[in-house]
Amino acid sequence: MTGPTALNRARRATELAALADGQPVDVIVIGGGITGAGIALDAATRGLSVALVEKHDLAFGTSRWSSKLVHGGLRYLATGNIGIARRSAIERGILMTRNAPHLVKAMPQLVPLLPSMGRVSRVLVRTGFVAGDGLRRLAGTSASTLPRSRRVDARRTAELAPTVRTEGLDGGFLAYDGQLIDDARLVTAVARTAAQHGARILTRVSAGAADATSVRLTDQLTGDSFDASARVVINAAGVWAGDLDPALTLRPSRGTHLVFDAEAFGNPTAALTIPIPGELNRFVFAMPEQLGRVYLGLTDEDAPGPIPDVPQPTPGEIDFLLNTVNTALATGLTPADVRGAYAGLRPLIDTGEGHTADVSREHAVVESASGVISIIGGKLTEYRYMAQDVVDRALQLRGLGAPGCRTANLPLVGAPANPVATLRSEHALPSSLVARFGAEAPNVIARARCSRPTEPVADGIDVIRAEFEYAVTHEGALSADDILDRRTRIGLVAEDRARAAEVAAEMIAEFGEVE
């Protein structure tokens with residue numbers, strides 16, 4: 001027995017069959033990104049029966065393409081949007097201390113004080129960091145969770161970011177924000193916690209012809225279609241929300257990141273934060289990440305036209321990121337240093353004007369003429385609040401009775417306070433495994449049935465074979481792509497992907513069939 005949090009092909013088959021047989025549910029959620037997973041968790045923990053359907057895989061869309069940051073809302077404070085700034089700081093604190101302390105850690109952000117940075121810019125940054133400290137205190141997050149901002153000298157600046165330009169360096173401003181070990185891992189943890197509370201998490205199931213109480217569902221693995229009944233249908237399809245309700249007007253904005261070996265930045269321990277020349281309150285970040293990488297981002301560009309399944313960075317965005325980061329480096333980076341790149345589309349609400357960077361990150365809950373309730377806009381940090389809002393509204397609109405939201409104090413799978421039984425492992429736990437799985441890390445090895453479970457999936461990659469197996473048996477991975485691109489981020493670097501592909505295929509073949 002794999003337990004109530006385990007997502008796998010066998011569970012999917014059983015739960016999909018029950019839905020196809022006409023078993024109604026209270027809520028059907030369409031979309032398996034962070035918003036949809038959050039809604040499924042919120043509804044399930046109120047005692048409602050829930051089915052989440054996702055055409056592809058968990059975190060297939062925008063939710064895996066973020067900067068992996070849990071923002072405290074400082075940028076929104078700078079633009080006068082106090083409400084979203086305060087909410088972001090509160091939600092960051094909830095994630096870091098209650099929901100997912102195993103997945104979200106404090107990330108140092110370092111702004112180097114170089115000669116090119118004028119006095120006004122320095123005052124604005126320092127004022128912003130002090131305001132960020134105020135937001136943290138207002139949200140009730142202690143300095144032991146997120147340290148206070150401060151100024152550091154040139155020597156410490158170079159220690160934190162070894163490749164920074166040192167000529168004329170006058171130290172740096174250091175502040176802290178929340179950083180996810182990985183955004184797709186957060187989605188998986190939220191979805192598995194929803195399953196722990198009874199939600200059906202059904203990937204490779206597409207939705208169409210939705211109305212207030214029913215959805216036409218198609219199993220993408222078999223081609224079989226059927227109508228599923230619910231008391232509430234919620235559209236959480238992100239940038240694809242308009243496919244279900246053409247009346248919705250979204251303005252997708254593309255955000256691009258580049259992937260480097262950490263050595264290219266001297267193995268930094270802080271996110272190098274570089275002001276974009278000619279702009280106020282906008283920065284490019286070079287962030288230390290798992291698997292020995294640094295992610296450099298981010299852009300904010302209009303992305304009109306058809307929505308691709310996998311957006312692609314443009315040459316202009318790549319040049320912009322390299323040119324901006326090179327203003328702060330002693331030795332410039334070139335395209336040859338780039339190991340990979342990715343782009344995501346923000347599901348912004350179309351206001352009809354302005355640069356996408358200035359479009360509000362607020363969300364909206366909309367009931368369509370068909371009766372489907374859609375949630376659009378928003379940002380990853382506020383996913384829990386957004387889920388609470390849409391479930392509250394749906395219950396009100398449909399006159400349904402249910403308890404209030406319970407997720408503010410709910411530990412996700414892997415958090416130390418989550419009641420998943422922790423097994424004992426005779427093997428030492430790699431720190432990388434603990435970073436990705438938290439308190440559940442011993443289970444990954446203890447439940448492994450594959451050969452050589454603690455062996456790396458490829459030389460130089462700190463992911464072990466047991467993690468690939470666990471992705472299939474407990475995290476709902478149905479293909480090698482699910483393992484390489486979403487349960488781990490090995491696929492971001494093509495060479496690494498090629499080296500690990502054989503082990504991923506092996507685990508799908510051995511553990512991916514319905515028993």
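So, how was this worked out
- Residues numbered from 1 in each chain as written.
- Predicted model: local features only at pLDDT ≥ 70, side-chain atom pairs only at ≥ 80, totals over all residues.
- Heavy atoms only, no water.
- Helix = DSSP H or I, 4+ residues; strand = E, 2+ residues; numbered from the N terminus.
- Rg over C-alpha atoms; globule rule 2.2 N^0.38 Å.
- Buried < 20%, exposed > 50% of the residue type's maximum accessible area, 1.4 Å probe, protein only.
- Contact = heavy atoms within 4.5 Å.
- Areas by Shrake-Rupley, 256 points an atom, 1.4 Å probe, with all protein chains shown as cover.
- Lys, Arg positive; Asp, Glu negative; His and termini not counted.
- Charge placed at Lys NZ, Arg CZ, Asp CG, Glu CD.
- UniProt positions renumbered as here; feature names shortened; annotations may be inferred.
- Expected span 1.5 Å × (residues − 1).
- Arc of directions from axis to C-beta.
- Patch = residues over 30% accessible without salt bridge, like charges linked within 9 Å, V, L, I, M, F, W, Y side chains within 5 Å.
- Salt bridge = Lys/Arg side-chain N within 4 Å of Asp/Glu carboxyl O.
- Core = buried A, V, L, I, M, F, W, Y, C linked by side-chain atoms within 4.5 Å.
- Domains from an automatic or database assignment.
- Buried area = accessible area lost by both parts, 1.4 Å probe.
- Polar contact = N/O pair within 3.5 Å; in protein donor to acceptor, adjacent residues only side chain to side chain.
- Nonpolar A, V, L, I, M, F, W, Y, C, P; charged D, E, K, R; others polar.
- Phe/Tyr/Trp six-rings, centres within 6.5 Å; stacked < 30°, edge-to-face > 60°.
- Lys NZ or Arg CZ within 6 Å of the ring centre and 35° of its normal.
- Pairing = 2+ DSSP bridges.

A.B. asks: Can you walk me through the overall build of the protein chain in this structure?
C.D. replies: Per the secondary structure count, the protein chain includes 15 helices and 18 strands. Taking 24 Å as the expected radius of gyration for a compact globule of 515 residues, we find that the protein chain reaches 22 Å, a close match to that expectation. In terms of principal-axis extent, the alpha carbons of the protein chain reach across some 70 × 55 × 40 Å. Of all 515 residues assigned to the protein chain, the portion counted as buried reaches 57%. Pairs at least 24 residues apart make up 71% of the contacts formed inside the protein chain by residues separated by at least 6 positions. Looking at the protein chain as shown, the accessible area adds up to about 19,800 Å², and 52% of this sits on carbon and sulfur atoms. For the protein chain, the distance from the average site of its 53 positive side-chain charges to the average site of its 58 negative ones is 7 Å.

A.B. asks: What exactly am I supposed to notice about the UniProt feature "domain: Alpha-glycerophosphate oxidase C-terminal" (unreviewed entry) in the protein chain here?
C.D. replies: As annotated by UniProt and renumbered to match this structure, "domain: Alpha-glycerophosphate oxidase C-terminal" (unreviewed entry) occupies residues 405-510. Secondary structure content for residues 405-510 is 44% helix and 0% strand, while the C-alpha to C-alpha distance between its ends is 40 Å.

A.B. asks: So what exactly am I meant to see when it comes to helix H1 (residues 9-20) here?
C.D. replies: Along an α-helix, residues three or four apart share an orientation, since each turn contains 3.6 residues. Over its 12 residues, H1 runs 16 Å from end to end, which matches the ideal 16 Å to within 8%, given 1.5 Å per residue. Every buried residue of H1 is listed here: Arg11, Arg12, Glu15, Leu16, Ala18 and Leu19. Viewed end-on, H1 has its buried residues packed into an arc of 155°, placing them on one side of the element. One or two steps after H1, the chain reaches glycine 22, where phi turns positive at roughly 100°.

A.B. asks: Would you mind going over unusual backbone geometry with me for this structure?
C.D. replies: With the exception of glycine, the majority of residues adopt a negative phi angle, and the majority of peptide bonds are in the trans configuration. A positive phi angle, near 65°, is found at lysine 68, a position not held by glycine. Residue placement: lysine 68 occurs in the loop between strand E2 (50-54) and strand E3 (69-70). Classification of lysine 68 by relative accessible area gives buried; the value is 0%. You will see that arginine 204, though not glycine, has its phi angle at about 60°, which is positive. By the secondary structure assignment, arginine 204 is in the loop between strand E7 (200-203) and strand E8 (205-208).

A.B. asks: Explain a nonpolar patch on the surface to me, please; I cannot follow it from the model alone.
C.D. replies: On the surface, Val120, Leu124 and Leu280 cluster together to form a nonpolar patch covering roughly 280 Å² of accessible area. Here leucine 124 lies in helix H5 (residues 119-138). Residue classification places leucine 124 among the partly exposed positions, given a relative accessible area of 35%.

A.B. asks: Looking at this model, I keep getting lost on the nonpolar core. Mind explaining?
C.D. replies: For soluble globular proteins, nonpolar side chains are generally found buried alongside one another. Counting residues in hydrophobic clusters, the biggest one holds 78 residues, and the most contacted among them are Ile39, Val50, Leu186 and Ile201. Ranked by the residues each element gives to this core, the list is headed by helix H7 (residues 183-196), at eight residues. Domain assignment of the residues forming this core places at least three in each of domain 1 (7-61 + 182-247 + 357-407) and domain 2 (249-347). Sequence-distant contacts of isoleucine 201, defined by excluding residues within four places in its chain, comprise Leu7, Glu15, Leu52, Leu58, Ala191, Ala194 and Ala195. Core analysis: the second largest hydrophobic core is formed by 19 residues, Val457, Ile461, Phe468 and Ala471 among them.

A.B. asks: Got a minute to help me understand the environment of threonine 473 in this structure?
C.D. replies: Within the element layout of this structure, threonine 473 appears in helix H13 (residues 465-473). According to the relative accessible area criterion, threonine 473 is buried, its value standing at 10%. Taking the C-alpha atoms as reference points, threonine 473 and glycine 512, separated by 39 residues in sequence, lie 7.3 Å from one another.

A.B. asks: Would you explain the pattern of salt bridges in this entry?
C.D. replies: Opposite charge on two side chains permits them to pair, given that their charged atoms come into close proximity. Summed over the entire model, instances satisfying the criterion amount to 37 salt bridges. Of the charged contacts, one joins arginine 11 and glutamate 15 as a salt bridge, the two residues approaching to 3.0 Å between their closest N and O atoms. Within this pair, arginine 11 and its partner glutamate 15 are both found in helix H1, separated by four residues, close to a single helical turn. For the pair arginine 11 and glutamate 15, one class covers both residues: buried. Between glutamate 159 and arginine 155 there is a salt bridge, with the nearest N and O atoms lying 2.7 Å from each other.

A.B. asks: Just checking my understanding: could you explain the domain arrangement of the protein chain for this structure?
C.D. replies: Often, the extent of an interface is quoted as the loss of accessible area on bringing the components together. Domain boundaries assigned for the protein chain yield domain 1 (7-61 + 182-247 + 357-407), domain 2 (249-347) and domain 3 (429-510). Inter-centroid distance (C-alpha atoms) of domain 1 to domain 2 is 31 Å. Each partner contributes to the interface: domain 1 provides 13 residues, whereas domain 2 provides 13 residues. Carbon and sulfur atoms supply 59% of the area that domain 1 and domain 2 bury against each other, a total of about 1,100 Å² over both sides. At the junction of domain 1 with domain 2, the criterion picks out zero salt bridges. Our count for the contact surface shared by domain 1 and domain 2 stands at one residue pair in polar contact (both at pLDDT 80 or more). Of the residues assigned to the side of domain 1 that touches domain 2, the class counts are eight nonpolar, three polar and two charged.

A.B. asks: Looking at this structure, how should I read H5?
C.D. replies: Its 20 residues give H5 an end-to-end C-alpha distance of 28 Å, which sits within 8% of 28 Å, the value for a rise of 1.5 Å per residue. Within H5 the residues assigned to the buried category are Val125, Gly128, Phe129, Gly132, Asp133, Leu135 and Arg136. For H5, the buried positions fall inside an angular range of 160° around the axis, keeping them on one side. Turned more than 90 degrees away from the buried face of H5 sit Arg119, Val120, Arg137 and Leu138, all of them exposed. Looking one or two residues past H5, glycine 140 carries a phi angle of roughly 80°, positive in sign.

A.B. asks: Would you take a moment to explain the packing of aromatic side chains for this structure?
C.D. replies: Each aromatic ring pair is characterised by the separation of its centres together with the angle its planes make. Taken as a whole and assessed by the stated rule, the structure comprises five aromatic pairs. Consider the rings of phenylalanine 260 and phenylalanine 265, whose centres lie 5.4 Å apart with planes at 85°: the pair is edge-to-face. By relative accessible area, which is 0% here, phenylalanine 260 ends up buried. Overall, phenylalanine 265 belongs to the buried group, its relative accessible area being 2%. Among the aromatic residues, those joined into a ring-pair cluster are Trp65, Tyr295 and Tyr342. Above the plane of the ring of phenylalanine 437 lies arginine 185, whose end atom (NZ or CZ) is 4.3 Å from the centre.

A.B. asks: Looking at this model, I keep getting lost on the pairing of strand E14 (residues 293-297). Mind explaining?
C.D. replies: The buried count for E14 comes to five of five residues, which makes it a mostly enclosed element. Here E14 shows no split at all, with Arg293, Tyr295 and Gly297 on one side and Val294 and Leu296 on the other all buried. In this sheet, E14 lies alongside strand E11 (residues 250-261) in antiparallel orientation, the contact comprising five bridges. If you follow phenylalanine 260 over to E14, its bridge partner there is valine 294. As paired elements, strand E13 (residues 283-289) and E14 share five bridges and run antiparallel to each other. Residue pairing across strands places proline 288 opposite valine 294, the latter belonging to E14. Linking E13 back to E14 in an antiparallel pair, the connection comprises three residues, with leucine 291 at a positive phi of about 60°.

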